[in-house]
Every structure is written in C-alpha cells, then in structure tokens.
Amino acid sequence: MIGDSPSIADTAFIPGGRFDLPGKRGGPLSGLTFAVKDLIDLEGKKTGAGNPDWLAASPVAQVSAPMVQTLLNAGAHCIGKTITDELAFSLEGRNAHYGTPVNPVRPDCLPGGSSSGSAVAVAAGACDFALGTDTGGSVRIPGAFCDLFAIRPSHGVLDMAGVTAFAPSYDTIGWFARDASTLARIGDVLLPARPVPPVQEVFVAEDVFALCNTDHGTALGREAEAFATIESGCLFAADWQDYHQVYARLQARDIRLSLGEALRNIQPIFAPDMAMRFDEALADTAPTTREETLREHFSVALRKALPPGRVAIIPTAPVAALSRNADGETIGDFYPPALAICALAGHAGAPQVQIPTQFGGLSLIGAPGTDRALLRYVASWQINNR
C-alpha cells in the first residue's frame, strides 16, 4: 500500500467535501473516523450523486440519513463526502466531472465503482471506515480493487431513508474497512441483532471461479481452498448469463421507477457512456414478468444451497482490477461476468463479505440475515492468519 498520501486521499472527496462532523462522546465507535458516499444525506449538505446538475437541483438535507446518524450517535466522527460514479451507474470508479479517485494500492488501475471515493478514502488512510452503496457490486468491486474488507448486507436490513435511490429492489448501504475487526464493529452498531448459527461449513463455488480470467481464477482458487471445510459445489442455478440478464432488466425497471421523473425534470448532463446507459435503461419498457420469476428461482436456489451455518466462497470480481486506461472493449467484457457474480447475492438479498487476498478479492456469501455470522467468521479468520 502506498499509504496515507494526502494527494491520493484528496482524490477521494467531492469538491469542498472535507469537513468535520463530530460524533457523540463515549460511544462504541469513539475514536473512529468515517466518510460518506455522495449518495447519502448529511445534515446541512447537498447530496450531489456525482453530477453537478443533480447537485444544483438538490435541496440542503435537513437531517442526516438514519444510518449516518446512528454512527454519529455511536461516537464515530464524519470527515466528509466522497466521489461516486454518476448516480451510481457504474462499477469502474470514474467520474467525468470530479475526476477519478486514485487507487492507492494499484495506481495504474481503476478503483472500482460506484463507491470509489469511499474505498479510496479508506485505502489511503484518510479515515477508518466509509459508507458506500451497493446495488450490483458497488461496494464489493471497489473493495476488491482497493484491497479492503467490505460488506454488502442483507437487502432490507438497513434503513435506506436519506439515500438517493438507484434500483431499490437491489440497493443497500455497505461499508469498507482496512481490517475485519473494524468491519465487524460497524456491523455491531448498524445491523439488527439476530441469533444465527456461526459459520461451520465453507465450500468453494467452482462454477463461479470459472467466470474469472484464467490466471486470476487459478490463483484465487488456490487461496479459496484454504477456507474450504467441505467439498466444492456450485451456486448458479442456471446459465450465468441469465443472472446477468435478469439483473440488467430488473435494474432498468427500477431506474425508470425511481429516477425517471427526476431525470426528465433535471435533465442532467452525463458523461457520454453514462448518458447512453441511462437512455437504454429508460427505453427498456418491456414487461419483466419472466425476470421476476427467474429472480425468485435464483433466490430460492441460493437459500437452499446456503442454510444457516454454511457459506460459499467465490471470487469478488472476474479480474484483479481494471487498468486505469482500459478501453471500451475491455470494459464491455468485464461487465457481464462481474454483474453475474455480484447478482448471486443481489438476486437473493443475501449478505456478502469481501476479503482482500494476495491475488485479489475473495467473498463469502451466506443466507439472508446471516450478516453478523459472516462478519464474526472473517474477523476470526484475520486474527488467526496474522
């Protein structure tokens, strides 16, 4: 890691986005600092969602999002707002208006998106943890690209009030940390306390590793074997491309419903590639009955494969990272397998914890509601492997 370089850390924040918002004294998170993705409301600030026109049209938030206020009440100190890909519609980490945050561990690579600024703020040492949002992988992918621990919680367990909606049937708040114990401390504050069995069985999902490029998949597969306690298995309940296509269709439907009116009213100027994505999503008005049926099928299959106490280990992304200068063809090849991998948890509303390893990111997926068990397992794993 390059470390706590101010020049790198500064690239994580929106213009004017560094400030002090102290938490209450004496709470369980006292002494910890955090940053917030510019999709999440902070009292007295505008939420710009990565776009200047959206920022200009947005009111000043009268209150912070409940999850932010919970962290402040627990004693954590907020240091600012971080860059996001425009309205969260990317896994790359680029922003044509505010710049692309510099990946502190791989400066020649993209940081991953859309919670790129939050990941870079933590990886560069600017704060102890940071909030992002994850719909199709926007916490998990930058966590992997920037060598961080990260979590996408079970869908619906956290209050999403005060968060700019993107695709609500998949949207979650997630967070990053440099160590698993801090990741779990945040979970102790934010997640509901539910009695769940500890992780007892871990299997390698071989069919998911097959989506990686050869060298990446081989190296990660060897690392994954160190976690395994039972024989390898499979997680996809259909062709992996179905997972991607179902996600893409349902995401487009959600975008129309959650953002369509605001996009027509504000008419924000997007970067060309982002404009094309929104145009395609808004134009996709065909019925989604088939996709909704398949999503439910995928969800049932994952819950069956992962009863409480059993988790699967998968690659977080099909590549270790994307070059900062990746061309359109490379980016285009990245998205289908990346979104299919991330859709395993997304379709089922399941929790997923990203773990940095020597050759990239590995993730543990459990049944919905097993978030705390995953966090405890990963924290214990890190302690035992120091």
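The shown structure was predicted, so the numbers you read here are calculated from the model rather than taken from an experiment.

1. A few points about helix α4 (residues 116-123)
Consideration 1: Along α4, eight of the eight residues are buried, which leaves the element largely enclosed by surrounding structure.
Consideration 2: Within α4, burial applies to S116, G117, S118, A119, V120, A121, V122 and A123.
Consideration 3: Once α4 ends, the next one or two residues include G125, with phi positive near 85 degrees.

2. A closer look at the packing of aromatic side chains
Each aromatic ring pair is described using two quantities: the centre-to-centre distance and the angle formed by the ring planes.
Consideration 1: All chains considered together, the criterion is met by ten aromatic pairs.
Consideration 2: Ring geometry for Y243 versus F298: centroids 3.8 Å apart, planes at 15 degrees, classification stacked. With Y243 in helix α9 (residues 240-266) and F298 in helix α11 (residues 289-305), this residue pair connects regions lying 55 residues apart in the sequence.

3. Some remarks on the pairing of strand β6 (residues 172-177)
Consecutive residues of a regular strand have side chains that alternate between opposite faces of the sheet.
Consideration 1: In terms of burial, β6 is largely enclosed, as six of its six residues are buried.
Consideration 2: Side-chain alternation along β6 places T172, G174 and F176 on one buried face and I173, W175 and A177 on a second face that is also buried.
Consideration 3: Pairing of strand β4 (residues 129-134) with β6, which is carried by six bridges, proceeds in the antiparallel orientation. Considered in β6, the bridge of T133 is made with I173.
Consideration 4: Here strand β5 (residues 149-152) pairs with β6 via three bridges, running antiparallel. Within β6, the residue paired with I151 across the bridge is W175.

4. With respect to the state of the cysteines
As used in these notes, a disulfide is a covalent bond between sulfur atoms, one from each of two cysteines.
Consideration 1: Applying the stated rule across the entire model yields zero disulfides.
Consideration 2: Between C127, a free cysteine, and C78, which holds the nearest cysteine sulfur, the sulfur-to-sulfur gap is 8.7 Å.
Consideration 3: By relative accessible area, which is 1% here, C127 ends up buried.
Consideration 4: The thiol sulfur of C234 is not disulfide-bonded, and the nearest other cysteine sulfur, from C212, lies at 14 Å.
Consideration 5: Residue classification places C234 among the exposed positions, given a relative accessible area of 52%.

Quick notes on the rules
Residues numbered from 1 in each chain as written. Predicted model: local features only at pLDDT ≥ 70, side-chain atom pairs only at ≥ 80, totals over all residues. Heavy atoms only, no water. Buried < 20%, exposed > 50% of the residue type's maximum accessible area, 1.4 Å probe, protein only. Helix = DSSP H or I, 4+ residues; strand = E, 2+ residues; numbered from the N terminus. Phe/Tyr/Trp six-rings, centres within 6.5 Å; stacked < 30°, edge-to-face > 60°. Pairing = 2+ DSSP bridges. Disulfide = S-S within 2.5 Å.

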